[in-house]
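# Structural overview for review
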Amino acid sequence: MQLYQIPLGQKAKVKDLSGCQLLTQKRLNHLGIFENAEICIQNKLPFGGPCMITCNGQCISIRKETASLIDVEEILCK
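The paragraphs below set out a description of the structure included in this document. (Residues numbered from 1 in each chain as written. Predicted model: local features only at pLDDT ≥ 70, side-chain atom pairs only at ≥ 80, totals over all residues. Heavy atoms only, no water.)

You can see Gln10 is positioned in the segment before β1 (11-16). Residues within four places of Gln10 in sequence aside, it is in contact with Ile39, Cys40, Ile41, Glu74, Ile75 and Leu76. (Helix = DSSP H or I, 4+ residues; strand = E, 2+ residues; numbered from the N terminus. Contact = heavy atoms within 4.5 Å.)

Structural data, given as structure tokens:
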């Protein structure tokens, strides 16, 4: 499942960043988004706009195109 497909408020674990360009992967790593990192979708803007996620206590906005390349696994809340 891609990051952009996760519903609002849902937590997910990053599985694979290899779909992104190398420079984008490095930038995401510097922001704390790497494989096995836990993220939460906070907001999605309409008309193909960016999505806002939180990771390690910081809010990050990612373009829809980039979010569609990041593979994640949903974390089911108990």
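The next thing to look at is the sheet that holds β1. If you walk across this open sheet you meet the 5 strands as β4-β3-β2-β1-β5, and the pairing is antiparallel. With partners counted over all chains shown, the strands left at the sheet margins are β4 (58-62) and β5 (71-74), one partner each. Across this sheet, the average inter-strand angle for adjacent strands is 40°, counted without regard to direction. (Pairing = 2+ DSSP bridges. Axes fitted to C-alpha atoms, helices over the stretch in contact; angles between N-to-C directions.)

Attention now moves to the pairing of β1. Inspection of the sheet shows β1 paired to strand β2 (residues 38-44) by 3 bridges, in the antiparallel sense. Residue Ala12 lies in a different strand from β2, and its bridge partner there is Ile39. Sheet topology note: the β1/β5 ladder contains 4 bridges and is antiparallel. Residue pairing for β5: Asp16 is matched across the bridge by Asp71.

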